[in-house]
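Residue strings, one per chain:
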Amino acid sequence: MNRFAYTRAGTVQEAVQALAADPAARFIAGGTNLVDLMKYNVERPGRLVDITRLPLDEIVQHEGGLRLGALVPNATVAYDPLVNERYPLLASALLAGASPQLRNAATTGGNLLQRTRCYYFYDEGTPCNKRQPGSGCPAMTGVNRIHAILGASDQCIATHPSDMCVALAALEAVVQVEGPDGRRAIPFADFHRLPGDEPQNDTTLRHGEIVLSVDLPDEDFSKHYTYLKLRDRLSYAFALVSVAAALEMDGDTIRTARLALGGVAHKPWRNAEAEDRLVGRPANPETFREAADVILAEARPYTHNAFKVELARRAIVRGLSQAAAGTPQSQTDKRIA
Amino acid sequence: MATPSRVVGTAQSRLDGPAKVTGAAKYAAEFTAPDLAHGVVVSSAIAKGRITAIDTSAAEAVPGVIKVFTHENRPRTAWLDYNYRDQVAPPGSPFRALNGPEIVYGGQPVALVVAESFELARYGATLVRIAYAEDVPNTDLEKNREAAYVPPKKRSGIKPPPDPRGDAAGAFEAAPIRLRQEYKQAIEHHNPMEPHASTVVYEGEGKLTIHDKIQGVNNTQGYVCSVFGLKPDDVRVITPYVGGGFGSGLRPQYQLYLAVSAALDLKRSVRVVLTRDQMFTFGYRPETYQTVALGADEDGRLQALTHDAVAGTSTFEDYQEAVVNWSGLLYHCPNVTLDYKLAKIDTYTPADMRAPGAVTGIFALESAMDELAYATGIDPLELRLRNYAERDEGEGKDFTSKALRAAYQQGAARFGWSRRKAEPRAMRDGRELVGWGMATGVWEAMMMQSSASATLTPDGRLDVACSTADLGTGTYTILAQIGADALGLPLDHVTTRLGDTALPEAPLAGGSWTAASSGAAVQAACRKVAETLFGYARGLPESPLANADLAHVTFAEGEIRLQADPSRKVSIAEAMRAGGVDRVEATGSVKPDMLTTTRYAAYTHSAVFAEVKVDEELGVVRVTRVVSAIAAGRILNLKTARSQILGGVVMGIGAALEEESMLDHSLGLFMNHNLGEYHVPVNADIHDIEVIFVDEPDDKVSPLGVKGLGEIGIVGTAAAVANAVYHATGKRIRDLPITIDKIIG
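Computed from a predicted model, the values in this text were never measured in an experiment. (Residues numbered from 1 in each chain as written. Chains lettered and ligands numbered in written order. Predicted model: local features only at pLDDT ≥ 70, side-chain atom pairs only at ≥ 80, totals over all residues.)

1. What about the overall build of chain A?
Piece 1. Within chain A, the regular secondary structure consists of 13 helices and 11 strands.
Piece 2. Relative to the compact-globule value of 20 Å for 337 residues, chain A shows a C-alpha radius of gyration of 19 Å, a close match.
Piece 3. Projecting the C-alpha coordinates of chain A onto the three principal axes gives extents of approximately 60 × 50 × 35 Å.
Piece 4. Classification of the 337 residues of chain A by burial places 52% in the buried group.
Piece 5. In chain A, once contacts between residues fewer than 6 apart in sequence are set aside, the share between residues at least 24 apart is 65%. (Helix = DSSP H or I, 4+ residues; strand = E, 2+ residues; numbered from the N terminus. Rg over C-alpha atoms; globule rule 2.2 N^0.38 Å. Buried ≥ 20, exposed ≤ 12 C-beta atoms within 10 Å, placed from the backbone. Contact = placed C-beta atoms within 7 Å.)

Shown next, in the form of structure tokens:
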């Protein structure tokens, strides 16, 4: 762990300025990931700018939807009555992740910025293009059962670890940010990026930009949704594969479909063609399998993670079945519905 | 002297519980000293090769960094391997930290940065620059199986496989039912909650007080004296509490060597604590390939059994454990051949991990027995009863006791085994397939030479003490219970002291032998106290016990009473006054009875029944019920005994479904070296676990009739779960852990 300076920002403007003035500075809120990364010498910030006192800690109604302040703890979102009434998919995904202690400390904005759980990324003794661009990616031929099957590059096969973000991708949230050049709104699909030639960059956020809120649009997937997470133990493990499904139904016919996958790519994975295939079709396993086939046609497994392709196929079918039937996966009863 | 059992055998909460939950209990890294310096270990980034350059200048330039120790400047220590062998070292050359530039395993310590604060030491550690010349590491056991060898030197305390009996190969060929399968155990790391740590207090004049994460302080003391050329009188080791060991704390580890080195060199106190990552840089349960072949007649009676194992070890030591021996004693079979070999890989030496060898070997044997049950169409429990061994045929000895049949029956009854549908995939609960599996467990019941003291004061308070460690098992409590009953005192009048080399010597806390060994020593010490006290009582003028002898009195409620007439009595205080003493103190020593151990085989047994519910399509396995029926002789404390078994079962579920240290063979490094990625069971993984202790009187195994409980709970659990998975799904998974990919694959 390195030495670092510490400042506390009193306003958003102060926070943005503090970061803009120092290329080695990082924001810190819950610190549930950043502090670990600092202990592992993966992150070596010269300065931490504490943003926990900023007034970004409320959930408010906004343009017919909800605005989740960047500093609202994950636990607060998960148990918020309005979130549970209107966006139960989000609440479910949050409860599928981490532990109560972590959810109490972790924030909405911080959750967006979690870094991968790739073993090599966390081990400073090994090469890693994400940690040290150009050094190589031993995961490609090494221990890669948790790694990506979609959208990877020859630089990086890491996956994005968040559960919350998979739900937000399906819900088409919008991330409001403020930076030295002012405010901008980033559609969720554009917030995280694929590794390409710059695996060190997980998101499109620029240095000095701060997340203000995550806005949930005025839509209703509260009847037909699920968050189905498959992992190596029944709690407190990152997803091997997860599925966030949100449907609107006309009887047995799918009117609107959103489908996002976690644990399979460098970002929450969506496939517009697969979602289009679902629309106007009867909700049955054949339909769901077709969508899964579309998504997984471009899957590329590595030494140890080929099982993820079949697991994702089955999880998509089961998740869509749960959503269509209105029987979402419970996050407390570990029996899969 | 009658000592009616009043607290022994009851359920008592741990005496050390309040200290532990309030933080009053101090662990090795929590002791401090004036002017304490802090050491942080730098670990090798490569698994094999040599250090070509090590630059510590940047670290040493940090104000507050005192010194950086490397192979280039380390203080001289003993030369011969012999001096580095601790009490349980396997044959070979024990690893020596900072001994030279050679790197022999991944994560090997290559520097110790000592600073005025932990934070400065940790920062300094990031500034040490090391250049390596890398060799290609060889860590893939599968690629080294052909080079497996029978260990030329046997490890002390580990019996090699017994000689073959009958003609297993011939009987196998002749048997109408034959099966031969390969089973695989993954590498597991112990991962106790408490990381390894040593606080070395420099007392001046060459004296050290050491607080070390160790399962027996005498092992640390012996190692330090031998390696650093110190006298036992100058090295006191005090470790009253151990935050879990599971075997990882049996051998002194490198943080001890580094902390003592630094303390002696700097002439000041030093503490070194390993990180969770560094907990993956020493011993582990070895990867093991096993082949089991069973030949049986149509009635399921075993005719031939062969069990071969190839286990990994380091390049520098031949770690050995009993993997295949169990197959020679658990069932009646006339033709048995057992074989155990090692293969070297570029990792640290494996270490004993809870029921070492038995977890591995019994998984294979009991999986194979389950396969035989299906092959013969005989119920798995019935198959085991048909092959029940009335004596240890491996060594040709009778058992001191064996109530395994009762364990099978009571366990099966509680589980509801008779309602099991024999066919795989025949039981369902909604979408989930339900599977019921069972397995047998076995572990040695050992007793070791052990001493303890007992000190009684006139107020009727007793202190019992010895050097052994309580790993969270209940040793503090059971020793107090034994003392209380021995002298007829209430439990809250008895205190226990442990984990100090100034106390009478006890063996390492391992092998499930502590209750039998230290328990007997406490009883022996209390017996001597009773004799002395009784002598004083008889010496009272006109003593009411004047003509009695010890056999005719009872110690109860602070008094010595004549059994025939309890009104004739002398209080403890009166007796001490008569003796002119203010305390009665005695040391008791016990050792195993050689005649008995030569003639008899002593084992604990278990019958484990597991229910799983499997979402086959998604590969999700839930262990919804376990019944573990234990035959372990006399049970001293029903509550801590049950907790021991619960912990063993949970760890067995982990072995079955989750635990695996994954090696990158290109780098030669373990990659999932943290508790986020090395999975052990969490609450959501654990449901109903029921523990039954069957009655098993045993007057031979140990003076108290105790067999020990530390390991038996884990043995057989993984096989029971794997067998249940087969019953649920029809899919036989022979390599642990049984993860999602294997279920859907």
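2. A closer look at the domain arrangement of chain B
Piece 1. For chain B, the assigned domains are domain 1 (17–24 + 449–474 + 481–497 + 504–591), domain 2 (31–136 + 193–244 + 249–280) and domain 3 (146–188 + 284–446 + 598–744).
Piece 2. If you average the C-alpha positions of domain 1 of chain B and of domain 2 of chain B, the two centres end up 40 Å apart. (Domains from an automatic or database assignment.)

3. Quick look at helix α13 (residues 307–325) of chain A
Residues and elements named next belong to chain A.
Piece 1. End to end, α13 covers 27 Å across 19 residues, agreeing with the expected 27 Å (1.5 Å per residue, within 8%).
Piece 2. The buried fraction of α13 amounts to 14 of the 19 residues, a majority that puts the element mostly inside the structure.
Piece 3. G326 lies just past α13 and shows a positive phi near 70°. (Expected span 1.5 Å × (residues − 1).)

4. Section: the nonpolar core
Piece 1. Among the nonpolar cores identified, the biggest contains 363 residues, and L89, L90 and A244 of chain A together with V113 and V721 of chain B are the most heavily contacted of them.
Piece 2. Examining the composition of this core, we find that 14 residues originate from one element, helix α12 (residues 514–539) of chain B, more than from any other.
Piece 3. When neighbours within four sequence positions are excluded, A244 of chain A is seen to be in contact with L89, A93, V166, A167, A169, A170, Y227 and A260 of chain A. (Core = buried A, V, L, I, M, F, W, Y, C linked by C-beta atoms within 7 Å.)

5. Considerations on the interface of chain A and chain B
Piece 1. Across the boundary between the two partners, chain A contributes 31 residues, which contact 31 residues of chain B.
Piece 2. The greatest single-element share of the side of chain A that touches chain B, amounting to 6 residues, is contributed by α13 of chain A.

6. Comments concerning the pairing of strand β5 (residues 109–115) of chain B
Residue and element names in this part refer to chain B.
Piece 1. Across the 7 residues that make up β5, a large majority, 7, are buried.
Piece 2. Inspection of the sheet shows strand β1 (residues 37–43) paired to β5 by 6 bridges, in the antiparallel sense. Residue pairing for β5: H38 is matched across the bridge by A115.
Piece 3. Relative to β5, strand β3 (residues 65–69) runs antiparallel, the two being bridged by 4 bridges. (Pairing = 2+ DSSP bridges.)

7. Quick look at the UniProt feature "domain: FAD-binding PCMH-type" (unreviewed entry) in chain A
Piece 1. With numbering matched to this structure, UniProt assigns "domain: FAD-binding PCMH-type" (unreviewed entry) to residues 1–221 of chain A.
Piece 2. In this annotation, residues 1–221 of chain A is assigned 29% helix and 18% strand; the end-to-end C-alpha distance for the span is 44 Å. (UniProt positions renumbered as here; feature names shortened; annotations may be inferred.)

8. Some details on the sheet that holds strand β4 (residues 59–62) of chain A
Residue and element names in this part refer to chain A.
Piece 1. Ordered in space as β4-β5-β8-β6-β7, the 5 strands form an open sheet in which the pairing is antiparallel. Because the sheet does not close on itself, it has two edges, and the strands there are β4 and β7 (182–187). Taking each pair of neighbouring strands and ignoring which way they run, the sheet shows an average axis angle of 25°.
Piece 2. In the sheet, strand β6 (residues 174–179) pairs with strand β8 (residues 210–216) via 5 bridges, with the strands oriented antiparallel. Looking at β8, one finds that E178 is bridged to I210. (Axes fitted to C-alpha atoms, helices over the stretch in contact; angles between N-to-C directions.)

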